[in-house]
Amino acid sequence: MSGEVTLPFFILGVLTIVGAAAALTLRNLVHCVLALMLAFVGLAGLYLQLDAQFIGFAQILVYIGAVAILIVFAILLTRGAESPSQSIVSPSWASGSVVSVVVFGILAWTIRSSVATRHSTPLQPEVTVKQIGNALMSRFALPLEVIGLLLTAALVGAVTIAMQDKQEMK
Amino acid sequence: MSPLASYLLVSALLFSIGLAGALTRRNAILVLVGIELMLNAANLNFIAFWRYGPNPEALTGIMFAIFAIGVAAAEAAVGLALIISIFRHYKTTNLDQINSMRG
């Protein structure tokens, strides 16, 4: 199977790219989030294609289950659900699109000319959730603690920032 | 084209779409969505290099992707809280109308 693009990869890649493009071009913000969920589903499928089952399911849980719902909450709280009457792009949209096209050109050229992509495909790695758990508890114990601290700080910080001031309420 | 190159190409396209969205959209929430897409493109790169790299049994790519997902979730929570706070003050989420620091 090495050397060519398989059909599942093609379908999932197209799903991801179309979802991402729709998420950033549609007018209605709720439709944008639905398209974003489509892109996340495609990405989770790509992770499963790459034999990273744990990451694929974590992607579904964290992104589709939590981040997308959080974005929907923010849209509805900021009254963004109705389609905007004025333009949806910022005044400097031309330079922004030129920059992103140039970035994609450079990345694609680098990938085409790289020697790292010419190696033969290694065997399918055997990774179980047990191995991941063991690694998290032994080699990666300190990063795990740090990310726990970061998530706690983000939780407290988000509540503090979004909380209404006492003076504003008067 | 090798499988690794095709995954990297999809990831580069996803990154560019996210960058274009973050640079061109007016709504602050969609700028955040663009940043999320860029982070996801980086994650796809980690997993692709882990799968096609020299020693996948070391699990380094998987671990980095797990921690990146955690950091991205924290970033989304704080970013959306900031946007809600800004909306309460300015009554808009359009970035070009938020142009004073002590308005």
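Residues numbered from 1 in each chain as written. Chains lettered and ligands numbered in written order. Predicted model: local features only at pLDDT ≥ 70, side-chain atom pairs only at ≥ 80, totals over all residues.

*Asks:* Where do I start with the overall build of chain A in this structure?
*Replies:* Along the backbone of chain A there are seven helices and zero strands. Taken over C-alpha atoms, the radius of gyration comes to 21 Å for chain A, far larger than the 15 Å a tight globule of 170 residues would show. For chain A, the C-alpha atoms occupy an extent of roughly 65 × 45 × 25 Å along the three principal directions. Within the span of chain A, comprising 170 residues, buried residues form 22% of the whole. (Helix = DSSP H or I, 4+ residues; strand = E, 2+ residues; numbered from the N terminus. Rg over C-alpha atoms; globule rule 2.2 N^0.38 Å. Buried ≥ 20, exposed ≤ 12 C-beta atoms within 10 Å, placed from the backbone.)

*Asks:* Help me understand the nonpolar core in this model?
*Replies:* Nonpolar side chains in soluble globular proteins tend to be buried together. Counting residues in hydrophobic clusters, the biggest one holds 63 residues, and the most contacted among them are I29(B), V33(B) and I47(B). Of all the elements in the fold, those that place two or more residues in this core are α1 (7-23), α2 (29-49), α3 (53-77) and α6 (141-162) of chain A together with α1 (3-24), α2 (28-52) and α3 (60-90) of chain B. Per-element accounting of this core gives the leading share, 14 residues, to α2(B). Looking at this core, you find at least three residues from each of domain 1 (1-83) and domain 2 (126-164) of chain A. Beyond its immediate sequence surroundings of up to four residues, I47(B) is in contact with Y47(A), L50(A), A52(A), I55(A), G61(B) and A65(B). (Core = buried A, V, L, I, M, F, W, Y, C linked by C-beta atoms within 7 Å. Domains from an automatic or database assignment. Contact = placed C-beta atoms within 7 Å.)

*Asks:* For this particular structure, what's the right way to read α3(A)?
*Replies:* Three or four residues apart is the spacing at which side chains of an α-helix point the same way, because the helix has 3.6 residues per turn. In this model, α3(A) (25 residues) spans 35 Å end to end at C-alpha, consistent with the 36 Å of a helix rising 1.5 Å per residue. The largest bend along α3(A) reaches roughly 30° and is located at Y63(A). Every buried residue of α3(A) is listed here: I55(A), Q59(A), Y63(A), V67(A), I71(A), A74(A) and I75(A). In this structure, the buried side of α3(A) is in contact with α2 of chain A together with α2 and α3 of chain B. Once α3(A) ends, the next one or two residues include R79(A), with phi positive near 50°. (Expected span 1.5 Å × (residues − 1). Bend = angle between axes of the 7 residues up to and from the residue.)

*Asks:* Help me out: how do you make sense of the interface of chain A and chain B in this one?
*Replies:* Contacts between chain A and chain B engage 67 residues on the former and 61 residues on the latter. Looking at the side of chain A that touches chain B, the elements with two or more residues in it are α1, α2, α3, α4 (93-113), α5 (129-137) and α6 of chain A. If one sorts the elements of the side of chain A that touches chain B by residue count, α3(A) sits on top with eleven residues. Each residue belonging to the side of chain A that touches chain B can be placed in one class, and the counts come to 51 nonpolar, 14 polar and two charged. (Nonpolar A, V, L, I, M, F, W, Y, C, P; charged D, E, K, R; others polar.)

*Asks:* I tried to follow the confidence of the model for chain B on my own but got confused; where do I start?
*Replies:* Keep in mind that low pLDDT regions are not for reading the predicted coordinates in detail. Chain-level pLDDT for chain B is 89 on average; 98% of the residues reach the 70-or-more range. Per the prediction output, this complex has pTM 0.89; the corresponding ipTM is 0.91. (pLDDT = per-residue confidence, 0-100.)

*Asks:* I'm lost on the domain arrangement of chain A in this one. Help?
*Replies:* Quite often, the size of an interface is put as the accessible area lost when its parts meet. Parsing chain A into structural domains produces domain 1 (1-83) and domain 2 (126-164). Here the C-alpha centroids of domain 1 of chain A and domain 2 of chain A sit 23 Å apart.

*Asks:* Would you mind showing me how to read the packing of α2(B) against α3(B) here?
*Replies:* The geometry of a pair of packed helices is captured by two quantities: the angle between their axes and the separation between those axes. Residue and element names in this part refer to chain B. At a minimum axis separation of 9 Å, α2 and α3 run at an interaxial angle of 175°. For the element pair α2 / α3, the angle class is roughly antiparallel. Every residue of α3 that contacts α2 at A28, I29, L32, E36, L39, A42, N43, F46, I47, F49 and W50 is listed here: T60, G61, I62, F64, A65, A68, I69, A72, A76, G79, L80 and I83. A per-class count over the contact of α2 with α3 returns 18 nonpolar, four polar and one charged. (Axes fitted to C-alpha atoms, helices over the stretch in contact; angles between N-to-C directions. Parallel < 35°, antiparallel > 145°, perpendicular 65-115°, else oblique.)

*Asks:* Honestly, the packing of α1(A) against α2(A) in this entry has me stumped. Any pointers?
*Replies:* Residues and elements named next belong to chain A. Orientation of α1 relative to α2, taken along the N-to-C sense of each, is 155°, at an axis distance of 7 Å. With respect to α2, the axis of α1 lies roughly antiparallel. At the point where α1 passes α2, the crossing takes the left-handed sense. For the pair α1 and α2, contact is made by P8, F9, L12, G13, L15, T16, G19, A20, A22 and A23 and by C32, A35, L36, L38, A39, G42, L43, G45, L46 and Q49, respectively. In terms of residue class, the contact of α1 with α2 is built from 14 nonpolar, six polar and no charged. (Left-handed = near helix turned anticlockwise from the far one by under 90°.)

*Asks:* Would you take a moment to explain the environment of S114(A) for this structure?
*Replies:* Secondary-structure assignment places S114(A) in the loop between α4 and α5. For the pair S114(A) and G96(A), spaced 18 residues apart in the sequence, the C-alpha separation amounts to 27 Å.

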